[in-house]
Amino acid sequence: MRLRTLDDLGDVAGKTVFLRADFNVPLENGGVADDARIRATLPTITELLDHNASLVIASHLGRPKGKVKEDLRMEPVASRLRDLLDREVESVAFPGALSADAAAKQVEDARSPVVLLENLRFDSREEANDTTFAGELAAFADAYVDDAFGAAHRAHASVSALPELMIASGRPAVAGRLLQREVEVLSGLLEHPEKPYVAVLGGAKISDKLGTISALAARADALLIGGAMAFTLIAADGGQVGDSLVEPDRFDDVRRARKQAEERGVLIQLPKDVVAAADVSVDAERSTVPADAIPKGRKGLDIGPRTVEEFARTIADAHTILWNGPMGVFELEPFSAGTRGVATAIAGAKAFSVVGGGDSLLAVKRLGLEDSFDHLSTGGGASLELLEGKTLPGIEVLEER
Ligand code: ADP
Ligand code: MG
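The rules behind each value
Residues numbered from 1 in each chain as written. Chains lettered and ligands numbered in written order. Predicted model: local features only at pLDDT ≥ 70, side-chain atom pairs only at ≥ 80, totals over all residues. Heavy atoms only, no water. Domains from an automatic or database assignment. Contact = heavy atoms within 4.5 Å. Salt bridge = Lys/Arg side-chain N within 4 Å of Asp/Glu carboxyl O. Helix = DSSP H or I, 4+ residues; strand = E, 2+ residues; numbered from the N terminus. Buried < 20%, exposed > 50% of the residue type's maximum accessible area, 1.4 Å probe, protein only. Pairing = 2+ DSSP bridges. Axes fitted to C-alpha atoms, helices over the stretch in contact; angles between N-to-C directions. Phe/Tyr/Trp six-rings, centres within 6.5 Å; stacked < 30°, edge-to-face > 60°. Near = heavy atom within 4 Å. Polar contact = N/O pair within 3.5 Å; in protein donor to acceptor, adjacent residues only side chain to side chain. Areas by Shrake-Rupley, 256 points an atom, 1.4 Å probe, with all protein chains shown as cover. Nonpolar A, V, L, I, M, F, W, Y, C, P; charged D, E, K, R; others polar.

Topic: the domain arrangement of the protein
Working step 1: When the domains of the protein are assigned, the result is domain 1 (6-179) and domain 2 (193-387).
Working step 2: Centre-to-centre separation of domain 1 and domain 2, based on C-alpha positions: 35 Å.
Working step 3: With eight residues of domain 1 in contact, the opposing surface of domain 2 contributes nine residues.
Working step 4: Summed over the shared surface of domain 1 and domain 2, the number is one salt bridge.

Looking at the pattern of salt bridges
Working step 1: Under the defined criterion, the tally for this structure stands at 28 salt bridges.
Working step 2: The salt bridge involving Arg2 is made with Glu400; its shortest N-O contact spans 2.9 Å. On the criterion of sequence distance, the pair formed by Arg2 in the segment before strand 1 (16-20) and Glu400 in the segment after helix 16 (393-396) is long-range, its members being 398 residues apart.
Working step 3: Relative accessible area serves as the criterion here: at 37%, Glu400 is assigned to the partly exposed category.

What to know about the sheet that holds strand 13 (residues 273-277)
Working step 1: The strand order across the open sheet formed by three strands is 14-13-16, and the pairing between neighbours is antiparallel. Edge positions in the sheet fall to strand 14 (286-290) and strand 16 (299-303), since each of these pairs with one other strand and no more. Strand after strand, the sheet turns through a mean of 40° between neighbouring axes, direction not considered.
Working step 2: Sheet topology note: the strand 13/strand 16 ladder contains four bridges and is antiparallel. Bridging from a neighbouring strand, Val275 pairs with Asp302 of strand 16.
Working step 3: Relative to the sheet, helix 12 (residues 305-317) contacts strand 13, strand 14 and strand 16, its axis offset from that of strand 16 by approximately 40°.

Here's the deal with the packing of aromatic side chains
Working step 1: For the structure shown, the criterion picks out four aromatic pairs.
Working step 2: Centre to centre, the rings of Phe18 and Tyr144 are 6.0 Å apart; their planes meet at 15°, and the pair counts as stacked. With Phe18 in strand 1 and Tyr144 in strand 7 (residues 143-146), the pair connects residues that are 126 residues apart, well separated along the chain. For the pair Phe18 and Tyr144, a shared accessibility class is recorded, and that class is buried.
Working step 3: Site record: aromatic cluster; members linked through ring pairs are Phe94, Phe133 and Phe140.

As for the side chain of Ser353
Working step 1: Examined against the element boundaries, Ser353 turns out to sit in strand 18 (residues 352-356).
Working step 2: On the accessibility criterion, Ser353 (1% relative accessible area) is buried.
Working step 3: Discounting chain neighbours no more than four positions away, the residues touching Ser353 are Ile321, Ile346, Ser372, Phe373, Asp374 and His375.

Some words on the pairing of strand 9 (residues 197-201)
Working step 1: In terms of burial, strand 9 is largely enclosed, as five of its five residues are buried.
Working step 2: Residues Tyr197, Ala199 and Leu201 point to one face of strand 9 and Val198 and Val200 to the other, with burial holding for every one of them.
Working step 3: Pairing analysis gives five bridges linking strand 9 to strand 17 (residues 320-324), with the strands arranged parallel. Across the sheet, the residue bridging to Val198 is Ile321, located in strand 17.
Working step 4: The pairing of strand 9 with strand 10 (residues 222-225) spans four bridges and is parallel.

Some words on the site of ligand 1
Working step 1: Close to ligand 1 lie 19 residues, the nearest being Lys209, Gly300, Glu331, Asp359 and Ser360.
Working step 2: One of the side-chain nitrogen or oxygen atoms of Lys209 is found 2.8 Å away from an oxygen atom of ligand 1.
Working step 3: In this structure, Ala228 approaches ligand 1 through a main-chain N or O atom, which is 3.3 Å from a nitrogen atom.
Working step 4: Taken by itself ligand 1 offers 580 Å² of open surface, and the protein chains cover 83% of this.
Working step 5: Elements with a minimum of two residues in the shell around ligand 1: strand 16 and helix 14 (358-366).
Working step 6: Considering only residue class, the shell around ligand 1 consists of seven nonpolar, nine polar and three charged.

A word on unusual backbone geometry
Working step 1: A cis geometry characterises the amide bond from Phe94 onward to Pro95, with omega recorded as -5°.
Working step 2: Take Pro95: it is sitting in the loop between strand 5 (90-92) and helix 4 (100-109).
Working step 3: At the junction of Lys195 and Pro196, the peptide bond is cis and its omega measures out at -5° in the coordinates.
Working step 4: Positive phi, normally seen in glycine, also occurs at Asn52, with a value near 65°.
Working step 5: Examined against the element boundaries, Asn52 turns out to sit in the loop between helix 2 (42-50) and strand 4 (54-58).

See the structure below:
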């Protein structure tokens, strides 16, 4: 299915474009702690402004649950956007203080070509995919552009009902450059990855990523599994994992996924050694032990050096690499070597490399390796769902029909 993009938008000069962005950024002391997601949408914003469109930009921020929350206002985002664009960004207090009519009037009278609406989730109708709310948003604009990949897996008003309504009323609804690139790269991994295709998975909970593991078991040539999720696989196989994080109610699921992978001849690599400690703390006494013989009272908190070496060897031969999920509790220095080792191996590999997941991206950033990956996906849940081959409501609606 072909995604409609800015190339299908037609002439936008003098028109108002509603841009759904993903400005769901981390905040700190009333400011934006990391503006990567804002920067990621700048190419779309600049392209539209270069074509003399006016923009009404909207996003959600955090989880205000349908109520106005002072600490989740968009003002810090507006302020960072002003700096990045080096131009005025007018804030419109909708949803929230203003009625839809008053907001539409303010948008019409705005002196700046860039207007930023208030946090969309201040209105409970956003998450309810409410068509009346979508109608109020549609009244702002002549065209709709979606660049919010991080929200594409949610059927919410600004990404689902709104583009539906725009199309139904004869107005264009297309993907921005960021969403376009995310879909191109991730559906490329789904449909025609260059082989060998190696997937490196980690993170805390296997239940979050079981669907991904099954989907990758059907497509990849090798699955390298680290992080806490490895312990559910090792324990399901009868290994002693001490007090490591395990989800026993998933034993059957992981056995099934593993069998499926083995039938396809997929190489599954689990940790051979792990760094274990009694507590998740920098002062805890730690030792490197076999991954299936972790003493009672100790948890596996990182993959060990031998595992890093083995994973790195598979990574070096890959032509395509997908990485999602840290190999250990990388936030704490004593348990960060596994994640660092794997990240460095992927960064140095010749393969086309893609990273997804908020924590994995943070690890890449801390290591200063952002430029060594071919694609850093801005969507956590959305990228996993796309990789599973699921239909995402925010993307489906923008496809040619
Ligand atoms: P991502 O955001 O990249 O998708 P997840 O959210 O799935 O990754 O997992 C990240 C979290 O997993 C990190 O906070 C990390 O500390 C934790 N983690 C990784 N390995 C372990 C482990 N062995 N034990 C406990 N927590 C772990
Ligand atoms: Mg995470």
